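A closer look at the structure
Each chain, written out:
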Amino acid sequence: MKWFSVVFGIFLAVSHLMGHVGNLNVFYEGTAGPYPVRVIIRPPGVVPGLAEITVRALGEGVNRVTVQPIKFDAGPEGAPPPDEAVQISDDKLLYSSELWLMDFGSYSVNVHLYGEKGHGTVIVPVNSIATRTLEMAASLKAILLILMILLVGGGVSVIAAAARESTFETGQQPNNAQIRRGRIAFLVGAIFCVGMLLGGRNWWSTVEAQYRANMFKPLKIESQVRLENKVRILSVNIVDDRWTSGRLPPLIPDHGKMMHMYFIRLPEFDGFAHIHPKVQSDDQFDVIVPPLPDGEYAIFADITHETGFSQTLIDTVTVPEYHPDEELLSASLERDMDDSWREIKPYRKTAQSKDVSFLEDGSTMTWLNMPDEIAIDEELEWQFRVNLSSGSPAVLEPYMGMMSHCAVLRTDGKVFVHMHPTGTISMASQMLFERQAGEMDHSMHGQMQGNENQKGTVTFPPFEFSEAGDYRIWIQVKVGGKVLSGYFDMKVNPPRT
């Protein structure tokens, strides 16, 4: 199955061009002061471009919503005034708006809710990146070409006529000298217009080249595994010129870690780990490889810059055979206390997905609202329940500040999403923007703990798949001090007709 790893790697390379591993949309659920709220941001994928903002109040009492884009390096002082979000007529809790994201980089969308309980604000970070170029319609090209020909032809004719006939008396016919002067003016006018067109074309090509140069590409990394007394050490080196030349801002920790990595065995996704490489130098991060089988592995590593910009680094790496007698104490680094892993059943494409996953300790994880069918662009709230082997609901504990962690991977590697019950945002980025705004509403972070842990359930905000295909989804929870990983396979269909 080596060929699959090669193909998977090629798709990862394509994903570099697509940016954010195939899904730009931002999902967030939390609180804005006294109001529970859900926010979905659909970035345009071009810069500048219009982002679609959807705000749903998860309770009564809200009568006004405004949204405001703030670029990190401009700050609140340089931001435009908030825009009024429009209430959807047939849904009194749903508001919608569009915001211009005018520049590349890290933004936040500040959502203000007003109502019976006063004013509340929530800050949702979003990356403004270009992942595509917009093609001009053939009909519009034809219309613009015709208009250009008419404009240039008309302009040259006017210049020629002015040179030939501007001094005429009424009824006078041009003599040979005037006709010659008109022809020379026509030639000079034509050269001038052609020069203007060529200059415009060069200007446009320069602008287009600058735009393409700014299209999002995650930092290039190179990964390898070395042995230290039979201990497998994975090194991830950032070799991208933008990073090594110091043109990008440093990293900041998220949940206390500089890098969150999902490490997934190819081609059947039967080895899974959530690990946290440690900083060895400005460019190098190392981590002990968990006791999983040898083979090819995909790497998805989340990082956040001190500007609030977050991205996922991707690569594949070959891992040698695991030695049960590896001497961990002799290794040059320690395993991170929050590293977790699991060896699971290989992915098999089946006609019907199963809504129950058996966990490592004999307990079960049930996808309570797993749909029979789902298509892209359909909102789907996910709710899972963990039951102990005795059948009673498990008491869930925070795992790195969250009640759960979720990884979503399309089986060809073109889509990868890491999210929490609060959504897909980087919490480090959100806290950075909150500090910049001078308001830390800690009530919104209470959502991390959730209020359903005593029932053994965890809920993720509505998520939309943007690409059809076959997916494997991992859900991690912590019970009795141990991290448990459930998994589910599902097929996402094209849009319904």
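What counts, and at which threshold
Residues numbered from 1 in each chain as written. Predicted model: local features only at pLDDT ≥ 70, side-chain atom pairs only at ≥ 80, totals over all residues. Heavy atoms only, no water. Helix = DSSP H or I, 4+ residues; strand = E, 2+ residues; numbered from the N terminus. Buried < 20%, exposed > 50% of the residue type's maximum accessible area, 1.4 Å probe, protein only. Lys, Arg positive; Asp, Glu negative; His and termini not counted. Charge placed at Lys NZ, Arg CZ, Asp CG, Glu CD. Contact = heavy atoms within 4.5 Å. Pairing = 2+ DSSP bridges. Patch = residues over 30% accessible without salt bridge, like charges linked within 9 Å, V, L, I, M, F, W, Y side chains within 5 Å. Areas by Shrake-Rupley, 256 points an atom, 1.4 Å probe, with all protein chains shown as cover. Salt bridge = Lys/Arg side-chain N within 4 Å of Asp/Glu carboxyl O. Phe/Tyr/Trp six-rings, centres within 6.5 Å; stacked < 30°, edge-to-face > 60°. Lys NZ or Arg CZ within 6 Å of the ring centre and 35° of its normal. pLDDT = per-residue confidence, 0-100. Core = buried A, V, L, I, M, F, W, Y, C linked by side-chain atoms within 4.5 Å.

**What about the overall build of the protein chain?**
Looking only at helices and strands, one finds 5 helices and 28 strands in the protein chain. Taken along its principal axes, the extent of the C-alpha atoms in the protein chain is 110 × 60 × 45 Å. Put simply, the protein chain has 497 residues, and 50% of those count as buried. Each charge sign in the protein chain was given a centre, from 42 positive and 59 negative side chains, and these centres are 6 Å apart.

**Some thoughts on the environment of Ile 41**
Relative to the elements of secondary structure, Ile 41 occurs in strand β2 (residues 35–42). With a relative accessible area of 0%, Ile 41 lands in the buried category. When the C-alpha positions of Ile 41 and Phe 27 are compared, they lie 6.7 Å apart, and in sequence the two are 14 residues distant. When sequence neighbours within four positions are dropped, the list of residues in contact with Ile 41 reads Asn 25, Val 26, Ala 51, Glu 52, Ile 53, Val 109, Val 124 and Val 126.

**Observations concerning the sheet that holds strand β15 (residues 278–279)**
Within the open sheet, the 4 strands sit side by side as β10-β11-β16-β15. Their pairing is antiparallel. Looking at the sheet topology across the chains shown, the edges are occupied by β10 (221–228) and β15.

**A word on the sheet that holds strand β7 (residues 94–101)**
Read across the sheet, 5 strands follow the order β1-β2-β3-β7-β6 without closing on themselves; strand pairing throughout is antiparallel. Every interior strand has two partners, whereas the edge strands, β1 (26–32) and β6 (86–87), have only one. As paired elements, β1 and β2 share 7 bridges and run antiparallel to each other. Within β2, the residue paired with Gly 30 across the bridge is Val 37.

**Some remarks on a nonpolar patch on the surface**
A cluster of nonpolar side chains, contributed by Met 136, Leu 140, Ile 143, Leu 144, Ile 146, Leu 147 and Leu 150, occupies part of the molecular surface with about 660 Å² of accessible area. Looking at the element boundaries, Met 136 is found in the loop between β9 (118–128) and α2 (138–165). According to the relative accessible area criterion, Met 136 is partly exposed, its value standing at 41%.

**Side note on the pairing of strand β25 (residues 416–419)**
Of the two faces of β25, both are covered, the one formed by Phe 416 and His 418 as well as the one formed by Val 417 and Met 419. Bridge count between strand β24 (residues 405–410) and β25: 4 bridges; the pairing is antiparallel. Across the sheet, the residue bridging to Cys 406 is Met 419, located in β25. Turn length for the β24-β25 hairpin, with the two strands adjacent in sequence and antiparallel, is 5 residues, and the turn residue Gly 413 shows positive phi of about 85°.

**Re the pairing of strand β21 (residues 364–367)**
Burial along β21 is two-sided: the face carrying Thr 364 and Thr 366 and the face carrying Met 365 and Trp 367 are both buried. Inspection of the sheet shows strand β20 (residues 356–358) paired to β21 by 3 bridges, in the antiparallel sense. Paired with Val 356 across the strands is Thr 366, a residue of β21. The hairpin formed by β20 and β21 contains 5 residues between the paired strands, and Gly 362 there has a positive phi angle of roughly 95°. Alignment of β21 against strand β22 (residues 380–387), held across 4 bridges, turns out to be antiparallel. When the sheet's bridge partners are listed, Met 365 is paired in β22 with Val 386.

**Quick look at the packing of aromatic side chains**
Counted according to the given criterion, the structure contains 20 aromatic pairs. Taken together, the ring pairs connect Phe 27, Trp 367, Trp 382, Phe 384, Phe 460, Phe 463, Phe 465, Tyr 471 and Phe 488 into an aromatic cluster. Between Arg 64 and the ring centre of Tyr 114, over which it is positioned, the NZ or CZ distance is 4.7 Å.

**A few points about the confidence of the model for the protein chain**
Reading predicted coordinates in detail is not appropriate for stretches of low pLDDT. Across the protein chain, the average pLDDT comes to 90, with 92% of residues at 70 or higher. The model gives residues 446–451 a pLDDT under 50, and that stretch makes 13 contacts with residues more than four places away or in other chains.

**As for the environment of Pro 495**
Secondary-structure assignment places Pro 495 in the segment after β28 (482–492). Its relative accessible area of 47% is what places Pro 495 among the partly exposed residues. Along the chain, Pro 495 and Ser 363 lie 132 residues apart, while their C-alpha atoms are 36 Å from each other. Apart from the residues within four sequence positions on either side, Pro 495 is in contact with Ala 375 and Ile 376.

**Brief notes about the nonpolar core**
Within the largest apolar cluster, 33 residues are counted, with the highest numbers of intra-cluster contacts made by Trp 367, Trp 382, Phe 384, Phe 465 and Ile 473. Of all elements in the fold, only β21, β22, β24, β25, β26 (457–463), β27 (469–479) and β28 reach the threshold of two or more residues within this core. Looking at this core element by element, the count peaks at 5 residues for β27. In contact with Phe 465, other than residues within four places in its own chain, are Ile 374, Ile 376, Asp 377, Trp 382, Val 408, Tyr 471, Ile 473, Met 490 and Val 492. Within the second largest apolar cluster, 28 residues are counted, among which are Val 39, Leu 101, Val 124 and Met 427.

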